[in-house]
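The residues making up each chain are set out below.
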Amino acid sequence: MPDEVTPETLVAHALAARQRAYAPYSDYLVGAAVLADDGTVILGCNVENAAYPATICAERVALTGAIAQGKRKLKAIAVATRDGGSPCGICRQVMAELGPEMWVYITDEAGNYRTTTVRELLPDSFSGASLL
């Protein structure tokens, strides 16, 4: 990870993004911050919808935002929730597709975080090789 973006800095970005969440139904605010290999940090927050399947998680907002910005080498993601909740299965699969080597920092609203990896979160992910 570049020296200027520490895990603590990435966690702080995710906590700030969490405050932008649109979660009028669950009131479960989630923020995410993705670190690209060039040091760029891309933020995301969850955006709920009354038609629940249209809701998108913070992790996927940040990850797809990184891709939209042309970032293809992702180093880390921080995910901030009220209680340090882990990413959902869909987000884990998207992380495995877009950043299989990423470090993952999962934090609660006080900034207490734990470190894991995408492979630890989803050890037997579906991949392009599965389609052959």
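The preceding data block contains the structure.
Everything numeric here is computed off the predicted structure, so don't read it as measured data. (Residues numbered from 1 in each chain as written. Predicted model: local features only at pLDDT ≥ 70, side-chain atom pairs only at ≥ 80, totals over all residues. Heavy atoms only, no water.)

(A) Spatial organisation of the side chain of T117. Here T117 lies in strand β5 (residues 113-117). Look at T117 and you get buried, because its relative accessible area is 17%. One polar contact links the side chain of T117 to the main-chain amide nitrogen of E120, over a distance of 3.0 Å. Apart from residues lying up to four places away in sequence, T117 is in contact with M102, W103 and V104. (Helix = DSSP H or I, 4+ residues; strand = E, 2+ residues; numbered from the N terminus. Buried < 20%, exposed > 50% of the residue type's maximum accessible area, 1.4 Å probe, protein only. Polar contact = N/O pair within 3.5 Å; in protein donor to acceptor, adjacent residues only side chain to side chain. Contact = heavy atoms within 4.5 Å.)

(B) How the structure looks around the pairing of β5. In terms of strand pairing, strand β4 (residues 103-107) meets β5 through 5 bridges, oriented antiparallel. If you follow Y105 over to β5, its bridge partner there is T115. Here β4 folds back onto β5, and the loop between the two strands holds 5 residues, one of which, G111, carries a positive phi near 90°. (Pairing = 2+ DSSP bridges.)

(C) Spotlight on the sheet that holds β4. Taken in spatial order, the 5 strands line up as β2-β1-β3-β4-β5 in an open sheet, and their pairing is mixed. Strands at the two margins of the open sheet, each flanked by one partner only, are β2 (41-45) and β5. Each strand of the sheet is rotated relative to its neighbour by a mean of 20°, with strand direction disregarded. Pairing analysis gives 6 bridges linking strand β1 (residues 31-36) to strand β3 (residues 74-80), with the strands arranged antiparallel. Residue G31 lies in a different strand from β3, and its bridge partner there is A80. (Axes fitted to C-alpha atoms, helices over the stretch in contact; angles between N-to-C directions.)

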